[in-house]
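Okay, here's what each chain looks like letter by letter:
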Amino acid sequence: MNRKLLDPFEPEYPEAIEACLDDEYAVKCAYSHNGSLLATARSDGYCYIWDMDTLNVMRKLEHGEASLSGLSWSRSGRYILTYDEVGVCILWDLKTTSVAARVEFDSAIVSARVHPRNSHQFIVCPTREAPCLVTASDIPQTEPTILPICISAEGVDQKSKAAAGTCCCFAKKGIYAFFGTAKGQVHAVHVDTQTVVCSTKLSSSGVNTISRNPRGTDIVTNSSDRILRVCQVVLPDDQKESTVARPEPSIVVTTKIQDIVNRVHWIQAVFSASGDYIVSGIEHKAEHNMYIWDKFSGSLVKMLTGPNELLEDFAVHPLRPIYASISTFGIIYLWTRVPQQNWNAFAPGFRELEENVDFIEPEDQFDRRVAMPDGVVVDCAEDRILREKRAANAAVEGDMDADVDITDNDPLFSDSDSETED
């Protein structure tokens, strides 16, 4: 698609389903950093890598026999992290299709994310354990380093899972990491020191998912109370000089989004490519709908209605208005916009028709010898076209405003006593 033909002012959200991919066991999906690849986590223990240009599978990764819980891409797109329901977490190298790191935990993994700057480092949130920071080694056959992150001084409660993280994500530069808990708290942790910088309590319900803005510093959370919360995060940047006054760390809720009428549960909530909209999917047995909300006002902008199938998961393209959603039957739907092409970019004098117009063919259009209106007979179409262009140019010049010289007086209308008369 030629970018010059696209409207730069078109909305950044899709309108309809353009294509479908058949992946029978797909349950989770995620786009790479540049959006050229789409990874799907399957219930049979495999991870498929789809090429978005050809819409074909280019890699098949065998994680294990257990169902995959999710996946996460590295910034470079070379590494991908997969984790399952039995506590196995594998970091894959797609260039060599080999395992870069493998970590096993005693409980199921609910969330894991790769560091945005270091592809060999990632955070993991097991169900009955404290979150961990895992650092893989560049040396082959070397065990990765696992550092636990204590987000609560009370320890891990096996019943309430108070200190166990239910979701996680990195900040934009990877200096901090955000963790949500079952008690409705959000903690900001410094990655290098594994210490909690600031915390806030959103509600008494647990935080199910958390996602950061790719273009800003705010985050969006999805809680069990069916409310989406956009939080403005203020954290000091370690890369700044010490002379700069560092702000006080804080996490403040700026916008609350909810469906007051239907009171539906949300699967997850993520930011759009520009960060101005919130995209959420509902959890209903007979609806495949996604809602697009305005981040600042919390008003509904667009609702995407799909087939009568359960929505398992969805992903947002990082650059273009393209969404990928997975149904309960394993079908991947690709949502996009129908571009309105501007053909005037090729020919400035091109006139676009809003509806079909009947073309009346002149009798002498394809005649070799044509008699022109002035009586001159031409022998070929080129001479006729040249004469028509000359006649059109003469007509255009005749319609132009002529310059009138009013400095000299007309002798017929001049006064004999005028001082300017010669």
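Residues numbered from 1 in each chain as written. Predicted model: local features only at pLDDT ≥ 70, side-chain atom pairs only at ≥ 80, totals over all residues. Heavy atoms only, no water.

Assignment of secondary structure puts serine 272 in the loop between strand S22 (266–271) and strand S23 (277–282). Residue serine 272 is classed as buried on the basis of its relative accessible area of 2%. Not counting residues within four places of it along the chain, the set of residues in contact with serine 272 comprises Glu12, Pro214, Tyr277 and Val316. (Helix = DSSP H or I, 4+ residues; strand = E, 2+ residues; numbered from the N terminus. Buried < 20%, exposed > 50% of the residue type's maximum accessible area, 1.4 Å probe, protein only. Contact = heavy atoms within 4.5 Å.)

An order of S22-S23-S24-S25 is seen for the four strands of this open sheet, with the pairing classed as antiparallel. The sheet terminates laterally at S22 and strand S25 (300–305), the two strands that pair on one side only. With direction set aside, neighbouring strand axes in the sheet form an average angle of 20°. (Pairing = 2+ DSSP bridges. Axes fitted to C-alpha atoms, helices over the stretch in contact; angles between N-to-C directions.)

Here the focus is the sheet that holds strand S16 (residues 185–190). The four strands lie next to each other as S14-S15-S16-S17, forming an open sheet whose pairing is antiparallel. One side of each edge strand has no neighbouring strand; the edge strands of this open sheet are strand S14 (165–170) and strand S17 (195–201). Neighbour to neighbour, the strand axes of the sheet diverge by 20° on average, direction disregarded. As paired elements, S14 and strand S15 (residues 176–181) share five bridges and run antiparallel to each other. Across the sheet, cysteine 168 pairs through a bridge with phenylalanine 179, a residue of S15.

Applying the stated criterion to the full structure yields four aromatic pairs. Measuring from ring centre to ring centre gives 5.5 Å for tryptophan 266 and tyrosine 291, while their planes differ by 85°; the resulting arrangement is edge-to-face. Here tryptophan 266, found in strand S22, pairs with tyrosine 291, found in strand S24 (residues 289–294); they are 25 residues apart in sequence, far enough to count as distant. Across the pair, tyrosine 291 and tryptophan 266 agree in class, each one buried. The structure contains a cluster of three or more aromatic residues connected by ring pairs, namely Trp266, Tyr291 and Trp293. The residue whose ring lies beneath arginine 42 is tyrosine 48, and the NZ or CZ to ring-centre distance is 4.1 Å. A cation over an aromatic ring shows up here: arginine 337 above the ring of tyrosine 13, its NZ or CZ 6.0 Å from the ring centre. (Phe/Tyr/Trp six-rings, centres within 6.5 Å; stacked < 30°, edge-to-face > 60°. Lys NZ or Arg CZ within 6 Å of the ring centre and 35° of its normal.)

At leucine 55, a residue that is not glycine, the phi angle is positive and equals roughly 60°. One can find leucine 55 in the loop between strand S4 (46–51) and strand S5 (56–62).

We now examine the pairing of S14. The two faces of a sheet get side chains in turn, since along a regular strand they alternate between them. Of all the six residues making up S14, five are buried; the element is thus mostly covered by neighbouring parts of the structure. Linking two consecutive strands that pair antiparallel, namely S14 and S15, is a turn of five residues; a positive phi of about 80° is found at glycine 174 within it.

In this section: the side chain of histidine 317. Along the chain, histidine 317 turns up in the loop between strand S26 (311–316) and strand S27 (323–327). Owing to a relative accessible area of 7%, histidine 317 belongs among the buried residues under this scheme. Here the side chain of histidine 317 touches glycine 35 through a polar contact of 3.2 Å, landing on its backbone oxygen. Only 3.0 Å separates the side chain of histidine 317 from the backbone nitrogen of arginine 320, close enough to count as a polar contact. (Polar contact = N/O pair within 3.5 Å; in protein donor to acceptor, adjacent residues only side chain to side chain.)

When pLDDT is averaged across the protein chain, the result is 83; 80% of the residues are at 70 or more. Note that residues 410–422 has pLDDT below 50 and, in this model, four contacts with residues that lie over four places away or in other chains. (pLDDT = per-residue confidence, 0-100.)

Let us look at the nonpolar core. Soluble globular proteins tend to pack their nonpolar side chains together in the buried interior. Formed by 17 residues in total, the largest nonpolar core has its most connected members in Phe178, Val186, Ile210, Ile219, Leu235 and Ile251. When neighbours within four sequence positions are excluded, valine 186 is seen to be in contact with Phe179, Cys198, Ser199, Thr200, Leu202, Val207, Ile210, Ile219, Thr221 and Ile251. Counting residues in hydrophobic clusters, the runner-up holds 16 residues, among them Tyr79, Cys89, Ile109 and Ala112. (Core = buried A, V, L, I, M, F, W, Y, C linked by side-chain atoms within 4.5 Å.)

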